[in-house]
Amino acid sequence: MHPSTSAFSQYAHRLRVACDEEELSPNPHSQLYNSTGSISSRVLYEDVIERLRERSRDSGIIGSVVSKEFDKFHEYFHQPNDDIIGAIVSTFAGGCFFGAAAAGWLANSIGRKRTVQSEIAPPHMRGLLTGLTQWMIGLGFLAANWVGYGCQFLKNDGQWRIPLAIQIIPAVLLLLGMFFLPFSPRWLIAQGREDEAWAVVQRLHGNLKNEEFTKLEFAEMVEQIKYEKANYQTKFSDLWASKAMIRRTLTGMAVQICCQFTGINVSAYFQPTLYRALGLSGPKVLMITGINGALGVIVTGVFITFILDRVGRKPPLIFGAIGMAVCLAIEAAINAKWGGEHSTNRAAQQAGIAFIIGPPSKEYATGEIEDRMTDEYTRSVLISQVSPIGMTKLGYRFYIVFVVTNIVNGLIVIAFFPETKGKSLEEMDEVFGDQAIPHALETKAAHNIHDDHSSEKAA
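Calculation rules
- Residues numbered from 1 in each chain as written.
- Predicted model: local features only at pLDDT ≥ 70, side-chain atom pairs only at ≥ 80, totals over all residues.
- Heavy atoms only, no water.
- Helix = DSSP H or I, 4+ residues; strand = E, 2+ residues; numbered from the N terminus.
- Buried < 20%, exposed > 50% of the residue type's maximum accessible area, 1.4 Å probe, protein only.
- Contact = heavy atoms within 4.5 Å.
- Areas by Shrake-Rupley, 256 points an atom, 1.4 Å probe, with all protein chains shown as cover.
- Axes fitted to C-alpha atoms, helices over the stretch in contact; angles between N-to-C directions.
- Parallel < 35°, antiparallel > 145°, perpendicular 65-115°, else oblique.
- Left-handed = near helix turned anticlockwise from the far one by under 90°.
- Core = buried A, V, L, I, M, F, W, Y, C linked by side-chain atoms within 4.5 Å.
- 1 Å grid on protein atoms, 1.4 Å probe; cavity = no way out; pocket = protein on both sides within 12 Å on 5 of 7 lines; lining within 4 Å.
- Points joined across faces, edges and corners; volume = space filled by probe spheres on them.
- Nonpolar A, V, L, I, M, F, W, Y, C, P; charged D, E, K, R; others polar.
- Arc of directions from axis to C-beta.
- Polar contact = N/O pair within 3.5 Å; in protein donor to acceptor, adjacent residues only side chain to side chain.
- Salt bridge = Lys/Arg side-chain N within 4 Å of Asp/Glu carboxyl O.
- Phe/Tyr/Trp six-rings, centres within 6.5 Å; stacked < 30°, edge-to-face > 60°.
- Lys NZ or Arg CZ within 6 Å of the ring centre and 35° of its normal.
- Disulfide = S-S within 2.5 Å.

A. Focus on the overall build of the chain. Within the chain one finds 23 helices and zero strands. Within the chain, the fraction of its 459 residues that count as buried is 52%. Residue pairs in contact within the chain that sit at least 24 positions apart in sequence constitute 83% of those at least 6 positions apart. A total accessible area of about 20,600 Å² is found for the chain, and carbon and sulfur atoms account for 64% of it.

B. Broad picture of unusual backbone geometry. With phi around 60°, His78 is a residue other than glycine that occupies positive phi space. Along the chain, His78 falls in the loop between helix H4 (71–76) and helix H5 (82–110). His78 sits in the exposed class, given a relative accessible area of 70%. Residue Gln79 is not a glycine yet carries a positive backbone phi of 50°. Residue class for Gln79 comes out exposed when judged on its relative accessible area of 52%.

C. Region of the structure containing the packing of helix H14 (residues 264–276) against helix H15 (residues 283–306). Relative orientation of the contacting elements H14 and H15 amounts to 125°, with a least axis distance of 9 Å. As far as their axial angle goes, H15 and H14 are oblique. As for how H14 packs across H15, the hand of that crossing is right-handed. Of H15, the residues touching H14 (which contributes Gln271, Pro272, Tyr275 and Arg276) are Val285, Leu286, Ile288, Thr289 and Asn292.

D. Examining the nonpolar core more closely. Membership of the largest hydrophobic core comes to 36 residues, with the highest contact counts inside it found for Phe70, Phe73, Tyr275 and Ile353. No other element matches the five residues that H14 contributes to this core. In contact with Phe70, other than residues within four places in its own chain, are Ser64, Val65, Gly148, Cys151, Gln152, Gln159, Trp160, Pro163 and Leu286. By size, the runner-up hydrophobic cluster in this structure holds 12 residues, among which are Trp187, Leu204, Val222 and Ile225.

E. Focus on the layout of surface pockets. A volume near 500 Å³ is recorded for the second largest pocket. For the lining of the second largest pocket, the secondary-structure elements that each account for two or more residues are H5, H14 and helix H19 (374–394). The leading source of residues in the lining of the second largest pocket is H14, at four residues. When its residues are assigned to classes, the lining of the second largest pocket shows 10 nonpolar, nine polar and four charged.

F. Broad picture of helix H9 (residues 168–177). If you check which residues of H9 are buried, you get Pro170, Leu174 and Gly177. Buried residues along H9 cover an arc of 70° about the axis, so they all sit on one side. Turned more than 90 degrees from where H9 packs its buried face, Ile168, Ile169 and Leu175 sit exposed.

G. Region of the structure containing the packing of helix H7 (residues 126–151) against H15. Two elements in contact, H7 and H15, have axes separated by 8 Å at closest approach and are oriented at 165°. By the angle class used here, H7 and H15 are roughly antiparallel. Where H7 crosses over H15, the handedness of that crossing is left-handed. Taken together, the residues of the contact of H7 with H15 break down into 14 nonpolar, 12 polar and no charged.

H. Seen up close, the environment of Asn81. Tracing the backbone shows Asn81 in the loop between H4 and H5. For Asn81 and Pro388, which are 307 residues apart along the polypeptide, the C-alpha to C-alpha distance reads 8.9 Å. Polar side-chain contacts of Asn81 include one of 3.1 Å to the backbone nitrogen of Asp83.

I. Geometry of the pattern of salt bridges. By the definition in use, this model includes five salt bridges. A salt bridge links Glu75 to Lys72; the nearest nitrogen and oxygen atoms lie 3.6 Å apart. A residue pair is termed a helical-turn pair when its members lie 3 or 4 positions apart in one helix, as Glu75 and Lys72 do in helix H4 at three residues. For Arg193, the salt bridge is made with Glu196, and the minimal N-O distance between the two is 2.9 Å. For Arg193, a relative accessible area of 29% corresponds to the partly exposed category. With a relative accessible area of 39%, Glu196 lands in the partly exposed category.

J. Here's a closer look at the environment of Asn156. Positionally, Asn156 belongs in the loop between H7 and helix H8 (158–166). We classify Asn156 as partly exposed; its relative accessible area is 44%. Measuring from C-alpha to C-alpha, the distance between Asn156 and Lys72 comes to 6.4 Å, with 84 residues separating the pair along the chain.

K. Representation of the packing of aromatic side chains in the model. This model, assessed by the stated rule, comprises 11 aromatic pairs. Ring centres of Phe73 and Phe77 lie 4.9 Å apart, and the angle between their planes is 50°; this geometry places the pair in the tilted category. The interplanar angle of 80° and the centroid separation of 5.8 Å between the aromatic rings of Phe73 and Trp160 together place this pair among those described as edge-to-face. On the criterion of sequence distance, the pair formed by Phe73 in helix H4 and Trp160 in helix H8 is long-range, its members being 87 residues apart. Pair check on accessibility: Phe73 and Trp160 agree, each one buried. By way of ring pairs, the aromatic residues Phe73, Tyr76, Phe77 and Trp160 are connected into one cluster. Lying over the aromatic face of Tyr76, Arg161 brings its terminal NZ or CZ to 5.2 Å of the ring centre. Its guanidinium or amino end placed over the ring of Phe183, Arg193 lies 5.6 Å from that ring's centre, counting from NZ or CZ.

L. Spatial organisation of the side chain of Thr420. With respect to the helices and strands, Thr420 occurs in the loop between helix H20 (397–416) and helix H21 (428–432). Judged by relative accessible area, which is 16%, Thr420 ranks as buried.

M. How the structure looks around the state of the cysteines. Across all of its chains, the model carries zero disulfides by this definition. Take Cys259: it sits in no disulfide, and the sulfur closest to it among the cysteines is that of Cys258, at 7.2 Å.

Pasting the structure below:
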């Protein structure tokens with residue numbers, strides 16, 4: 001049983017003393033989380049399955065299936081043109097739009113197990129733990145790419161039916177795994193189920209070394225949620241109700257928009273087409289795609305483990321945008337001078353491959369995106385639909401479009417994005433300028449909690 005919320009106020013002085021003695025900081029490393037092993041393996045399992053399912057479905061698999069190497073697919077659908085190919089690919093993202101549109105309401109109504117990883121991550125490790133999401137996406141790409149590579153050798157309709165059907169397996173595992181995930185402690189508190197919320201916090205984070213800190217962390221959750229419920233309503237217009245909320249909304253939208261306009265999805269969906277434009281053909285096209293997927297997993301793993309939580313969020317976003325712009329500019333020059341499906345310039349092909357592989361790897365390393373929003377899928381539909389047409393009609397000039405958008409992305413990050421390194425979810429109000437109550441993790445005391453709790457009475 002957890003201490004009552006009123007007990008937190010009574011413990012304030014003792015907690016201050018204890019925290020001073022233990023030299024606890026708002027974001028302790030050793031005391032609060034000894035290793036990633038302290039995070040529920042169920043959460044990590046769930047993320048593995050979700051990301052493998054998600055990206056195997058809408059990126060790696062479809063990119064291979066619509067490539068010219070899958071001749072049986074093109075024969076079956078009577079040689080679809082660029083418009084139809086774009087429609088096929090964009091339909092995958094289009095379906096996600098409707099799920100994302102309902103996600104906010106469903107998350108508040110029935111819980112948000114899909115996003116629990118970002119909610120339970122300690123501030124000093126959130127980059128690593130939520131960065132695992134991107135790493136799992138990379139694994140999904142890797143698996144999908146090599147399934148596509150193997151299936152291209154089939155000479156019947158199984159060539160494209162099998163890779164599309166395989167995605168059912170991780171989807172079923174995802175469905176089953178959802179039943180074993182804990183509910184978000186913040187959602188439980190919002191539903192008045194504080195006993196259950198405390199049990200989740202203890203199970204995920206608690207140990208004897210950080211008992212006092214865990215109480216403060218839980219107190220901060222309770223205080224913030226109770227304040228928000230008493231002073232705010234959950235409605236759509238809240239997104240622009242104040243200057244701070246407008247900044248939050250625009251920042252969230254800008255993250256998604258900027259990611260889409262890096263060009264990463266063009267590479268993800270149509271990578272084999274990019275290689276064919278350099279004069280490559282045959283099985284080697286999908287083999288190179290698979291190698292790219294493997295490099296993405298390695299780069300992402302190194303980045304989230306050793307760099308992201310040390311340098312923060314903004315520097316990688318800026319570096320990623322600049323790196324993408326440079327790589328794509330060079331790629332445009334290579335295609336303009338030596339490109340074409342009948343090109344035989346081996347040196348140009350090798351250089352072109354290097355700079356196609358370069359941008360996705362940098363994009364994988366640009367930071368963490370915790371929740372998918374409807375605007376992301378809207379732009380994904382747009383980019384997926386127009387990319388085949390753009391690559392055919394514009395040729396190398398299509399790369400220049402994304403050179404420009406990446407430069408704009410970098411400027412947006414520099415000018416408008418706040419740094420969130422080391423901040424808890426409750427401390428985001430301070431980041432965006434609308435903090436209304438003190439944070440327990442900073443003051444080492446609980447505030448705004450006055451009501452008794454059943455667990456205290458039971459005790």
